[in-house]
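Close look at the chain arrangement
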Amino acid sequence: MKRLCIALITGIFGSLTAGAQVYVAPDGKDINPGTVEAPKATLNAAIRQVRELRRLKQEPESRILLKSGTYYLREPVRVRSEDSGTPTSPLVITSAPGAAPVISGGILIKDWKQNRTVVKGLPEAARGRVWVAHVPAVAGLLAPRQLWVNDRKATRAKSAPGNTMQRIWNWDKTTATAVIPLHPFEHLEVTEGLEFLIHQWWEVANLRVRKLEKGGDSCRVYFYEPESRIQNEHPWPAPWLSPETGNSAFYLVNSIAFLDEPGEWYYDAPARNLYYYPRVQENMKVAKTVIPFLEQLFVLSGTSEHPVENVIISDIRFQHSAWNRPFLQGHVPHQAGLYMTEAYKLKPAGTPEKPSLDNQAWVGRPEAAVTVSYASHIRFEGNRFEHLAATGLDFTVGVKSSSVTGSLFKDIGGTAIQGGYFGDDGTEIHRPYNPADPRVICENIAIKNNLVTDAGNEDWGAVGIGMGFSRSITIEHNEMENLPYSGISMGWGWTPAKNIMAQNSIRYNKIHHYGRTNYDCAGIYTLSAQPGTLIEENYIDSIYKAPYAHLPTHWFYLYADEGSSGIAVRNNWTPAQKYLQNNNGPGNRWENNGPQVAATVKNNAGPEKQYRALLNEKTSGAVHQAINRQRKELIELVSKAGDLVDLRKLKILLHEKGVQQETIGQWKGHTVVYGLITDVNLLRSQLQNAYPDATIRVYHDMVYEFDRAARCPGAAIAKDWTDIMMTANLVKDPQKQREYLDYHATQFEKWPEVSNGFCKADFQQLRVFKNGRQLMLVISIPKGKTLKELNPLTTKNNQRVNEWNKIMSGYQEGIEGTEKGETWVVLE
């Protein structure tokens, strides 16, 4: 018998040595020899067979070929150091000729039935329209956070319709609770899995709801530990409370009470029933529906002594990874999706390494669908990473001389491509990284000719490509679009101190349609010292107008954040020079960036010619959201003593802070600056330091804009303008204030004669800003003209403008200090 087994094994190996090809098919069997006629069923079995061939030195060259179909995993595929190839005969894992294999971490949900029973809490709008399926009992399966229907992600039932959100009323640090409006939660019950998603600055947090305490017109929301403590104590980012730009936005998610729109779903965990409200034309009797099961699909992991080497993974589709941690411990991220395990404000500030540091934080790293650690010469080529709940591909530790090329990253819950060190082994995040063992460093990784689209759609603070402490990283010829936050994030640590980062290259990338939900972002963002790093000839454009951004103007094309040092930033095309250099270290060089850069930079950016078929997968065209363009901002200094500020001193300060094309107007104790300001909130704090006795007010809210180029077809645009600034108050009546804003929101449609009058008067631009009740009106006219000579042209043969002005007069009054009957005052 023993001889028979040996002969059988030898026969199997012998049949493969000639071609060194092991085939795998979804309908195969792992006892099969792995031939094209008798393939294996699982990739793990094929890898094991190749491992044995190499061990017995029967075949140095080896290829694993996956036939078409979906491989639904119940454990991750693992490649170990024993599976390594050689430089001349790498291990190749690829698709069979003409095949399109899918490696899935999901579970198919079948046998959908239209719900005919009474479901407690189901909204009236969904009754008779919802379908239900029973989720099979699978060991290790947690409540799903994602559902894909016909390869399209469905939406977990949430409290706000469409893409809207509500605003919190307050965050109470004493009780670690969010205070929200009672409506529409009067009858909401806390059920298993109920979550609170809160938007805060550059991140969002997922908090498990423990209790709702209702009283009066508000509701107090309590959360489970550990996220309640972390959320309540960490200062960056924190809930945003601002009368100027609105408090943090939120919605509640995962309750049957919210299942009221097509495309939404809810999972009843105790009963294991999945409820879905189909979209138009979705037939649930034949629809392919998948929920994720595995967090990791494919793991290449060696050790520092014995790394995995010389492996090529190509033409594979990785789909349906899970993201379980928020259901177990919540998710309170610090930045770029790295979740905090502990974080708090330092009182008093300072550590031995950073005397001014005001907080400390320790972070963890979300699981990735494909993970690489302690490996070298690993190549990912032509793969598709799709429908993944957290990170797509992660080079975690000790990865060297590897690459990802010509691949698609689409519908990714977290960061698409991540790598390097973030302190996720328990090191405080502000420490520089200088490991004694160079084997742990990630270096010489090339990320080229990939498309990243619709990433970060679960954690809105995730990025397209995010690299922590790493060196000699090449990020070139990629296109990134439809992102909620930043495109490329390079660096970690917030420190100018020496660390291992150096010689990184970010060139020829096309980054556009980003900042969809979160600000404090950029097309390319850097942190900490990284000498020899080059950011060159990238094309960055089209940042979305995020509807709930904490600061509406705090977005950038290029952003060198704290500690950024030794970086050359040159010849990057952007539509405006809206860049931020925040608390940088020494040695940065900025040269020739902006709209004046040669058009060849725009044309050369993005995937090279042989990879441009990837661009057929772009998703930004389906996002109907306005795009930002840099505009002049308005900031006011109000002297408490009523004295005017020293104009000479003010102009010097504005020049030092990079303010361009500024107009300064004054009236009594009011001084107004109107100009191109890179970061108006940073300027506010700088002005406050320079004028500690003044009140500094930013006018974020632009309630009306007339632009001659857009509203006066064929009209000439003046080369040079003069800005006339005036101010008045809205009346105190809230109803009249709303009417005033409604008039201006619909003026172009209902009162077109008004903008026609502005066209006749040669107005170049007219803007109305608001802060509280106070209005600022800026009228831009051709240089050399006066408002006195142009304004009468607005009403010439145009009686409707007189009617408009008469109506508006009922909504306006003079600010404090005006004479009786005086409304608008000119800031000279």
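Residues numbered from 1 in each chain as written. Predicted model: local features only at pLDDT ≥ 70, side-chain atom pairs only at ≥ 80, totals over all residues. Heavy atoms only, no water.

**Notes on the overall build of the protein chain**
- Scanning the protein chain from N- to C-terminus turns up 13 helices and 58 strands.
- Since a compact globule built from 828 residues should have a radius of gyration of about 28 Å, the 30 Å found for the protein chain is in line with a globular shape.
- Seen through its C-alpha atoms, the protein chain measures out along the principal axes to roughly 110 × 65 × 60 Å.
- Per-residue burial over the protein chain gives 59% buried out of 828 residues.
- In the protein chain, of all internal contacts separated by at least 6 residues, the share reaching a separation of at least 24 is 76%.
- Only carbon and sulfur atoms are counted for the fraction: they give 50% of the accessible area of the protein chain, which is about 34,200 Å². (Helix = DSSP H or I, 4+ residues; strand = E, 2+ residues; numbered from the N terminus. Rg over C-alpha atoms; globule rule 2.2 N^0.38 Å. Buried < 20%, exposed > 50% of the residue type's maximum accessible area, 1.4 Å probe, protein only. Contact = heavy atoms within 4.5 Å. Areas by Shrake-Rupley, 256 points an atom, 1.4 Å probe, with all protein chains shown as cover.)

**Re helix 6 (residues 647-656)**
- Burial in helix 6 covers these residues: Leu650, Leu653 and Leu654. The buried residues of helix 6 occupy an angular sector of 100 degrees when projected down its axis, which confines them to one face. In helix 6, the exposed positions that point more than 90 degrees away from the buried face belong to Arg648, His655 and Glu656.
- Capping of helix 6 at its N-terminal end is provided by Asp646; its side-chain oxygen lies 2.9 Å from the backbone amide nitrogen of Arg648.
- Positive backbone phi, approximately 80 degrees, marks Gly658, located one or two places after helix 6. (Arc of directions from axis to C-beta. Polar contact = N/O pair within 3.5 Å; in protein donor to acceptor, adjacent residues only side chain to side chain.)

**Notes on the environment of Val731**
- With respect to the helices and strands, Val731 occurs in the loop between strand 54 (721-730) and helix 9 (734-745).
- Taking the C-alpha atoms as reference points, Val731 and Gly814, 83 residues apart in sequence, are found 9.0 Å from one another.
- Dropping the residues within four chain positions of it, Val731 is found in contact with Lys736, Gln737, Arg773, Gly810, Tyr811, Gln812 and Glu813.

**Here's the deal with the nonpolar core**
- By size, the foremost hydrophobic cluster in this structure holds 154 residues, and its most contacted members are Ile64, Ile180, Phe196, Phe298, Leu300 and Phe380.
- Tallying contributions element by element places strand 29 (residues 368-381) first for this core, with seven residues.
- Of all hydrophobic cores here, the second largest spans 26 residues; its members include Val754, Phe763, Leu775 and Ile779. (Core = buried A, V, L, I, M, F, W, Y, C linked by side-chain atoms within 4.5 Å.)

**Examining the sheet that holds strand 8 (residues 113-114)**
- Within the open sheet, the five strands sit side by side as 8-9-21-20-12. Their pairing is mixed. Because the sheet does not close on itself, it has two edges, and the strands there are strand 8 and strand 12 (155-156).
- In terms of strand pairing, strand 20 (residues 264-268) meets strand 21 (residues 273-276) through four bridges, oriented antiparallel. Along strand 21, the bridge assignment pairs Tyr266 with Tyr275. (Pairing = 2+ DSSP bridges.)

**Notes on the sheet that holds strand 50 (residues 660-667)**
- Pairing is antiparallel in the open sheet, where four strands are placed in the order 50-51-49-52. Each edge of the sheet is formed by a strand with only one pairing partner; in this case those strands are strand 50 and strand 52 (694-698). For this sheet, the mean inter-axis angle between neighbouring strands, taken without regard to orientation, is 15 degrees.
- Along the sheet face, helix 6 touches strand 50 and strand 51 (670-676) and points at about 155 degrees away from the line of strand 50. (Axes fitted to C-alpha atoms, helices over the stretch in contact; angles between N-to-C directions.)

**With respect to the confidence of the model for the protein chain**
- Looking at the protein chain as a whole, its pLDDT mean stands at 95, while 98% of the residues score no less than 70.
- In the model, residues 1-19 has pLDDT below 50 throughout and makes 18 contacts with residues more than four positions away in sequence or in other chains. (pLDDT = per-residue confidence, 0-100.)

**What about the packing of helix 6 against helix 7 (residues 680-690)?**
- Between helix 6 and helix 7, whose axes approach to 11 Å, the crossing angle comes to 145 degrees. Crossing angle aside, the handedness with which helix 6 passes helix 7 is right-handed. Contacts between helix 6 and helix 7 involve Lys649, Leu650, Leu653 and Leu654 on the former and, on the latter, Leu683, Gln686, Leu687 and Ala690.
- Within the contact of helix 6 with helix 7, the residues separate by chemical class into six nonpolar, one polar and one charged. (Left-handed = near helix turned anticlockwise from the far one by under 90°. Nonpolar A, V, L, I, M, F, W, Y, C, P; charged D, E, K, R; others polar.)

**Considerations on the environment of Val601**
- Note on placement: Val601 falls in helix 5 (residues 599-604).
- Classification of Val601 by relative accessible area gives buried; the value is 6%.
- For the pair Val601 and Tyr539, spaced 62 residues apart in sequence, the C-alpha separation works out to 6.8 Å.
- Those residues within four positions of Val601 in sequence are excluded, and the remaining contacts are Glu537, Asn538, Tyr539, Asn571 and Trp573.

**A word on the state of the cysteines**
- For the coordinates displayed, the defined rule picks out one disulfide.
- A disulfide bridge connects Cys712 with Cys759, and the sulfur atoms are separated by 1.9 Å. Classification of the bridge connecting Cys712 and Cys759 rests on its S-S torsion, roughly -90 degrees, and on that basis the disulfide is left-handed. One end of the pair, Cys712, is in the loop between helix 8 (708-711) and strand 54; the other, Cys759, is in helix 11 (residues 752-760), and 47 residues separate them in sequence.
- By relative accessible area, which is 7% here, Cys712 ends up buried. (Disulfide = S-S within 2.5 Å.)

**Here we look at the pattern of salt bridges**
- Within the structure shown, the criterion is met by 40 salt bridges.
- Among the ionic contacts, a cluster of salt bridges with common partners joins Arg384, Glu386, Lys410 and Glu617. (Salt bridge = Lys/Arg side-chain N within 4 Å of Asp/Glu carboxyl O.)

**Description of the pairing of strand 55 (residues 765-771)**
- For strand 55, the buried fraction is high: seven of the seven residues fall into the buried class.
- Burial along strand 55 is two-sided: the residues Gln765, Arg767, Phe769 and Asn771 and Leu766, Val768 and Lys770 are all buried.
- When strand 53 (residues 701-707) meets strand 55, the two strands line up antiparallel, connected through six bridges. Across the sheet, residue Phe706 finds its bridge partner in strand 55, namely Leu766.
- Sheet topology note: the strand 55/strand 56 (residues 774-782) ladder contains seven bridges and is antiparallel. Residue pairing for strand 56: Asn771 is matched across the bridge by Gln774.
- Count of turn residues in the strand 55/strand 56 antiparallel hairpin: two residues, of which Gly772 carries a positive phi of about 65 degrees.

**Describing unusual backbone geometry**
- The step from Trp236 to Pro237 runs through a cis peptide bond, and the omega angle for that step is -15 degrees.
- Relative to the helices and strands, Pro237 is located in the loop between helix 3 (227-233) and strand 19 (249-253).
- Here the amide bond leading from Lys347 into Pro348 is cis, since omega sits at -5 degrees, within 30 degrees of zero.
- The residue Pro348 is located in the loop between strand 27 (338-345) and strand 28 (359-364) in this model.
- Its identity as a non-glycine residue notwithstanding, Trp201 has a phi of 65 degrees, on the positive side.
- Residue position: Trp201 is located in the loop between strand 16 (195-200) and strand 17 (203-215).
- The phi dihedral of Lys668 is positive, around 50 degrees, even though this residue is not glycine.
- Examined against the element boundaries, Lys668 turns out to sit in the loop between strand 50 and strand 51.
- Taking the relative accessible area as the measure of exposure, Lys668 reaches 44% and is therefore partly exposed.

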